[in-house]
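Chain by chain, the residues:
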Amino acid sequence: MSPHRRRVPAGRAGRLRLRRSLATAVRGADLLERKLRLLLDREHTARRAAEDAGRMWRERLADAETWLLRGVLLGGEHALVVAAPADRARVDVTWATLMGVSHPAGVDWTDPVRSPAEPTAPNTALAHAETACRAAVRAAANLAAHQAAAELLAAEAERTRQRVRALRRHWIPRLQAELAAVELALEEAEHEEAVRRRWASTRTGR
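Residues numbered from 1 in each chain as written. Predicted model: local features only at pLDDT ≥ 70, side-chain atom pairs only at ≥ 80, totals over all residues. Heavy atoms only, no water.

Some points on the overall build of the protein chain
Alright, step 1. The number of helices and strands found in the protein chain is three helices and two strands.
Alright, step 2. For the protein chain, the N- to C-terminal ordering of α and β elements is α-α-β-β-α.
Alright, step 3. Compactness check: the protein chain gives a C-alpha radius of gyration of 34 Å against a globular reference of 17 Å for 206 residues, more than 25% above the reference.
Alright, step 4. Counting all 206 residues of the protein chain, 29% fall into the buried class.
Alright, step 5. In the protein chain, the proportion of contacts linking residues at least 24 apart, taken out of those at least 6 apart, comes to 78%.
Alright, step 6. When the accessible surface of the protein chain is summed, it comes to about 13600 Å², and 55% of that surface belongs to carbon and sulfur atoms.
Alright, step 7. Of the side-chain charges in the protein chain, 36 are positive and 26 negative, and the distance between the mean point of each set is 12 Å. (Helix = DSSP H or I, 4+ residues; strand = E, 2+ residues; numbered from the N terminus. Rg over C-alpha atoms; globule rule 2.2 N^0.38 Å. Buried < 20%, exposed > 50% of the residue type's maximum accessible area, 1.4 Å probe, protein only. Contact = heavy atoms within 4.5 Å. Areas by Shrake-Rupley, 256 points an atom, 1.4 Å probe, with all protein chains shown as cover. Lys, Arg positive; Asp, Glu negative; His and termini not counted. Charge placed at Lys NZ, Arg CZ, Asp CG, Glu CD.)

Written as structure tokens, this is what we have:
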């Protein structure tokens, strides 16, 4: 006898409790399956966005490397050091929530600002390289956000899938079996009671 069975009252009260528990479990499994579909759909969207962002990042990175090489060949490594602004770029991650799961939804990018006192890039190639590097880093930030979102959603989807599996394969069948046993016992008890009543009625009539 399972621990759950021992806690269930006998008779009609037990049947009522089991019916309610079974209905709750079925409703919970349905809701979890709906959550799972939404999570998988959003994860699929995030993975597609990450693939697009990955292609964009590789293109921007190749472009930046090409201009950097040209700039260094024209002005030397010292020119590259001079061309870098002292300010730093800023990346703010925006977050969204789906079915209780917080995940990155995008990034807000702020370019570094070169002060009037700072020297500009000593050659045109390094000026193009600066623009290309900013685009590459911005693409990398987008890629990281989409990848993180996909992983967070996938992890929650797996946890939800396990909960659905536990309900569908174990908990609901157990409740159904216990309910069937209680209903059979009630049916047998009602049948025995009917037989006793008929027997008592027969004796009274005699």
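Once the structure has been displayed, the description carries forward.
Notes on the nonpolar core
Alright, step 1. Formed by Leu18, Leu22, Ala25, Ala29, Leu32, Val164, Leu167, Ile172, Leu175, Leu179, Val182 and Leu186, the largest nonpolar core amounts to 12 residues.
Alright, step 2. When contributions to this core are tallied by element, the ones reaching two or more residues are α2 (11-83) and α3 (124-205).
Alright, step 3. Broken down by element, this core gets its largest block of residues, seven residues, from α3.
Alright, step 4. Contact partners of alanine 25, with chain neighbours within four places excluded, come to Leu167, Trp171, Ile172 and Leu175.
Alright, step 5. Counting six residues, the second largest nonpolar core, distinct from the first, contains Leu36, Leu39, Leu98 and Ala157. (Core = buried A, V, L, I, M, F, W, Y, C linked by side-chain atoms within 4.5 Å.)

Some thoughts on the environment of glycine 75
Alright, step 1. Structurally, glycine 75 can be placed in helix α2.
Alright, step 2. Separated by 51 residues in sequence, glycine 75 and leucine 126 have C-alpha atoms that sit 8.7 Å apart.

Considering the pattern of salt bridges
Alright, step 1. Within the structure shown, the criterion is met by 13 salt bridges.
Alright, step 2. Close ionic contact of arginine 47 with glutamate 43 constitutes a salt bridge, the shortest N to O distance being 3.1 Å. Residue arginine 47 and its partner glutamate 43 are both found in helix α2; the two are separated by four residues, about one turn of the helix.
Alright, step 3. The class of arginine 47 is partly exposed, set by a relative accessible area of 32%.
Alright, step 4. Under the relative-accessibility criterion, glutamate 43 is labelled buried at 14%. (Salt bridge = Lys/Arg side-chain N within 4 Å of Asp/Glu carboxyl O.)

Notes on a nonpolar patch on the surface
Alright, step 1. A cluster of nonpolar side chains, contributed by Val91, Val93, Trp95 and Leu152, occupies part of the molecular surface with about 360 Å² of accessible area.
Alright, step 2. Sorting elements by how many residues they give to the nonpolar patch places strand β1 (residues 90-98) first, with three residues.
Alright, step 3. For leucine 152, a relative accessible area of 35% puts it in the partly exposed group. (Patch = residues over 30% accessible without salt bridge, like charges linked within 9 Å, V, L, I, M, F, W, Y side chains within 5 Å.)

What to know about the packing of aromatic side chains
Alright, step 1. Throughout the structure, instances matching the rule amount to zero aromatic pairs.
Alright, step 2. One cation-aromatic arrangement involves arginine 70 over tryptophan 67; the distance from NZ or CZ to the ring centre is 4.7 Å. (Phe/Tyr/Trp six-rings, centres within 6.5 Å; stacked < 30°, edge-to-face > 60°. Lys NZ or Arg CZ within 6 Å of the ring centre and 35° of its normal.)

Here we look at the confidence of the model for the protein chain
Alright, step 1. For the protein chain, per-residue confidence averages 89 on the pLDDT scale, and residues scoring 70 or more make up 90% of the total.
Alright, step 2. Taken together, the stretch residues 1-6 has pLDDT below 50 and engages in eight contacts with residues farther than four places along the chain or on a different chain. (pLDDT = per-residue confidence, 0-100.)

Considering the environment of glutamate 43
Alright, step 1. When the C-alpha positions of glutamate 43 and glutamate 151 are compared, they lie 7.8 Å apart, and in sequence the two are 108 residues distant.
Alright, step 2. Contacts of glutamate 43, omitting those with residues within four sequence positions, involve Ala150, Leu153 and Ala154.

Quick word on the environment of proline 122
Alright, step 1. Among the structural elements, proline 122 can be located in the loop between β2 (101-110) and α3.
Alright, step 2. As a C-alpha pair, proline 122 and glycine 75 span 47 residues in sequence and 7.2 Å in three-dimensional space.
Alright, step 3. Aside from chain neighbours lying at most four places away, what touches proline 122 is Ala79 and Ala83.

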